[in-house]
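Understanding the architecture of this molecule
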Amino acid sequence: GQNIDQPTEMTATEGAIVQINCTYQTSGFNGLFWYQQHAGEAPTFLSYNVLDGLEEKGRFSSFLSRSKGYSYLLLKELQMKDSASYLCAVRDSEYKLSFGAGTTVTVRA
Amino acid sequence: ETGVTQTPRHLVMGMTNKKSLKCEQHLGHNAMYWYKQSAKKPLELMFVYNFKEQTENNSVPSRFSPECPNSSHLFLHLHTLQPEDSALYLCASSPSDGNGANIQYFGAGTRLSVL
């Protein structure tokens, strides 16, 4: 089966930077996705990486290393509204999306 | 608003009841999905429909029965469920471009409690 690992919880201070790591072992690779999910709400798309390197989108950046089976999501200038669960998902050789269990980020004042 | 609407948002049912979950997308996508999300567990893919045809059934028990009458609507019919089926059921849709990112957009889910 597919194996996607990410930390369960992280806590950071408002204005700080937090890096959420994701490692994966899947049958093939056709892209890695990050989603944000606030409690009781829909997961919303944040970023997509299919080639190695860093993708920057405002305060959020995502990095991918396919050879290492590794990605991270970087959240800069943290705001209280960034408190949420962050889901790492990998699309495999059959184009199916497999998710990690999610990382709950708590931003404190 | 993600363009994917799920109803109802909350559902409580007994093990002998029959109920249906509904999903509607207004994004012009051709693929639709059902996922199960349990506390502290990864999203589990249940069913995939592509151009109204079921292309994936991820070993889901027969007490869950999907229906996709057109590319914009997806249903999940429930009958004789078990308490362990209590979870958040998420619907998603995406394009079906061969070489594209085919990003999945999710609804807010139906919180199901089976008593």
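Below: a short report on this structure. (Residues numbered from 1 in each chain as written. Chains lettered and ligands numbered in written order. Predicted model: local features only at pLDDT ≥ 70, side-chain atom pairs only at ≥ 80, totals over all residues. Heavy atoms only, no water.)

1. Regarding the pairing of strand E3 (residues 18-25) of chain B
Residue and element names in this part refer to chain B.
- The sheet contact formed by strand E1 (residues 4-7) and E3 spans four bridges and is antiparallel. Within the sheet, the bridge partner assigned to threonine 7 lies in E3 and is lysine 22.
- Here E3 runs beside strand E8 (residues 73-79); their pairing, made up of seven bridges, is antiparallel. Bridged to lysine 19 within E8 is leucine 78. (Pairing = 2+ DSSP bridges. Helix = DSSP H or I, 4+ residues; strand = E, 2+ residues; numbered from the N terminus.)

2. With respect to the sheet that holds strand E7 (residues 60-65) of chain A
Residues and elements named next belong to chain A.
- Strand order in the open sheet formed by five strands is E1-E3-E8-E7-E6, with antiparallel pairing between adjacent strands. Taken across any chain shown, the strands that pair with only one partner, and hence form the sheet edges, are strand E1 (3-5) and strand E6 (53-57). For this sheet, the mean angle separating the axes of adjacent strands, direction not counted, is 15°.
- The pairing of E7 with strand E8 (residues 70-75) spans six bridges and is antiparallel. What sits directly across from phenylalanine 63, in E8, is tyrosine 72. (Axes fitted to C-alpha atoms, helices over the stretch in contact; angles between N-to-C directions.)

3. So, the packing of aromatic side chains
Residues and elements named next belong to chain A.
- In this structure the tally under the stated criterion is 14 aromatic pairs over all chains.
- When the ring of tyrosine 24 is compared with that of phenylalanine 29, the centres are 5.3 Å apart and the planes differ by 20°; the resulting orientation is stacked.
- Judged by relative accessible area, which is 22%, phenylalanine 29 ranks as partly exposed.
- Centre to centre, the rings of phenylalanine 63 and tyrosine 72 are 5.1 Å apart; their planes meet at 15°, and the pair counts as stacked. (Phe/Tyr/Trp six-rings, centres within 6.5 Å; stacked < 30°, edge-to-face > 60°. Buried < 20%, exposed > 50% of the residue type's maximum accessible area, 1.4 Å probe, protein only.)

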